[in-house]
Amino acid sequence: MLGGLRIKLVRWGFRNKPFYVLSVANKRAARNAGTRYEDVGWWDPTPAGDGNMHLGLKFDRIKYWLTAGAVPTPKVAELLGRAQLIPQPPQVPHYNPRNPADETKWRAEKKSK
């Protein structure tokens, strides 16, 4: 077992047109550091002509690194969950403070004097 490994997104592409490579790297390495163990997939978050975001994964290599102790970052865990490679992480509830009905739930009642 190797310790301190993360499956993280490494940004490629151009300004305003990102493209990410899923890489296995040391958890303390910078996002775009050149020292990576292996590239295990890619993700294009920009919707293509068909309106979908495209994702390419090497399933066998990702399974190997997960069994070797690599931990996916939260965004990578979401992507792997969508691909049904790991269980889908729980969704965080979103709070919209601009909705007056939601805002009143969080206000403390004012006591009249």
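For the structure given in this document, a descriptive report is provided here. (Residues numbered from 1 in each chain as written. Predicted model: local features only at pLDDT ≥ 70, side-chain atom pairs only at ≥ 80, totals over all residues. Heavy atoms only, no water.)

A word on the overall build of the chain. Counting its secondary structure elements, the chain contains three helices and five strands. Walking the chain from its N terminus toward its C terminus, one meets helices and strands in the order β-β-β-β-α-β-α-α. Residue pairs in contact within the chain that sit at least 24 positions apart in sequence constitute 33% of those at least 6 positions apart. (Helix = DSSP H or I, 4+ residues; strand = E, 2+ residues; numbered from the N terminus. Contact = heavy atoms within 4.5 Å.)

As judged from the 10 bridges shared by strand 1 (residues 5-14) and strand 2 (residues 17-26), these two strands associate in the antiparallel manner. Bridge pairing in strand 2 links Arg-6 to Ala-25. Following strand 1, the chain reverses through two residues before pairing antiparallel with strand 2; Asn-16 in that reversal takes a positive phi of roughly 65°. (Pairing = 2+ DSSP bridges.)

With respect to topology, five strands assemble into an open sheet ordered 4-3-2-1-5, the strand pairing being mixed. Two strands in the sheet have a free side with no partner beyond their single neighbour: strand 4 (54-57) and strand 5 (71-72). With five bridges joining them, strand 2 and strand 3 (residues 38-44) adopt antiparallel strand pairing. When the bridges of strand 3 are listed, Val-24 appears paired with Glu-38. Sheet strands touched by helix 1 (residues 59-67): strand 1, strand 2, strand 3, strand 4 and strand 5. Its angle to strand 3, the strand with the most contacts, is close to 120°. (Axes fitted to C-alpha atoms, helices over the stretch in contact; angles between N-to-C directions.)

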